[in-house]
Amino acid sequence: MSDIPIALQLYSVRHDLHKSVRATLKAVADMGYDGVEFAGAPQHSAQHLRELLDAFGLACCGWHTPYELLQENSLEETIAFHKTLGNARLIVPGIPEHLRRSRADWQNQAKFFNNLAGKLEPHGMATGYHNHFVEFQALDGELPWDTLFGNTHASIIMQLDMGNALYGGGDVVAVLERYPGRAETVHLKAYSKEAGKNDPMLGFRPLIGDDDVPWEAVFQICETTGGTQWYIVEYESDAYPPLEAVDRTLKNLKAMRV
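What comes next is a walk through the structure. Being a predicted model, the structure only gives us computed values, none of them experimental.

1. What about the packing of aromatic side chains?
If you walk through the whole model with that rule in mind, you get 16 aromatic pairs. Seen in terms of ring centroids, Tyr129 and Trp145 are 6.3 Å apart; in terms of plane orientation they differ by 45 degrees. Their pairing is tilted. One end of the pair, Tyr129, is in strand β5 (residues 126–130); the other, Trp145, is in helix α6 (residues 144–149), and 16 residues separate them in sequence. The rings of Tyr67, Trp106, Phe112, Phe113, Tyr129, Phe136, Trp145, Phe149 and Tyr179 are connected pair by pair, giving a single aromatic cluster.

Here is the structure:
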């Protein structure tokens, strides 16, 4: 089995996390996850979260950091928070719609990420971008994904979400091959075109292994030329209760990687 550790994107269990961060992190650790990736504006102090992670033997492999928290007026506070937490990856989970309406807008975002990376680098931190589906639908003659990553420094993490990309019509294998070494963290999310043929959102209901993502090819690239340091599980559907879903997903994933 690959020695790439597996983390959980905590958005998958956000309702449980809201009820009890301690109980949820313990449950995630007990399942066998190596780490977690947080999402959204912080709801707890960095010191408290770090103490819980240390107590349960979990690493923080990243945080889906809101775009607004990475702007000039809030960046210093954001950096201080993540220093205390011990997190080195500030991943942007989405760009406001009014700032990504054209190819020129995405080119401007590439400049933003390059500039942000330069500000984070002295603190031992990196930034990156996580896709939904719009990044794989042509805009002014080019895929936004290519506009962004074709114009950013190699240090900008390409956090490819497999299920979201497939939903948007993207070829995840081709993307990984086109940007070697940039998939430092990847989101392992299932998507079935058959399940989603009438309602695209139903395509996210299957678990990993019961879907259309070409997992064998994905793992092969991640573990050779992709530069992948973390696999991150994400499951957002309602086919199973959240904690059960991510437990089942991890078991399926480990069975596939034997």
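2. Some points on the environment of Gly35
With respect to the helices and strands, Gly35 occurs in strand β2 (residues 35–39). On the basis of relative accessibility, which here comes to 0%, the residue Gly35 falls in the buried class.

3. Focus: helix α3 (residues 46–56)
Turning to α3, its buried residues are Ala46, Leu49, Leu52, Leu53 and Phe56. Summarising the axial view, the buried residues of α3 lie within an arc of 130 degrees, below the 170-degree limit, and thus occupy one face. Exposed and facing more than 90 degrees away from the buried side of α3 are Asp54 and Ala55. Taken together, the buried residues of α3 touch α2 (21–31), β2, β3 (59–64) and α4 (75–85). Note on α3: the residue one or two positions beyond its end, Gly57, has a positive phi of about 70 degrees.

Rules used in this analysis
- Residues numbered from 1 in each chain as written.
- Predicted model: local features only at pLDDT ≥ 70, side-chain atom pairs only at ≥ 80, totals over all residues.
- Heavy atoms only, no water.
- Phe/Tyr/Trp six-rings, centres within 6.5 Å; stacked < 30°, edge-to-face > 60°.
- Helix = DSSP H or I, 4+ residues; strand = E, 2+ residues; numbered from the N terminus.
- Buried < 20%, exposed > 50% of the residue type's maximum accessible area, 1.4 Å probe, protein only.
- Arc of directions from axis to C-beta.
- Contact = heavy atoms within 4.5 Å.

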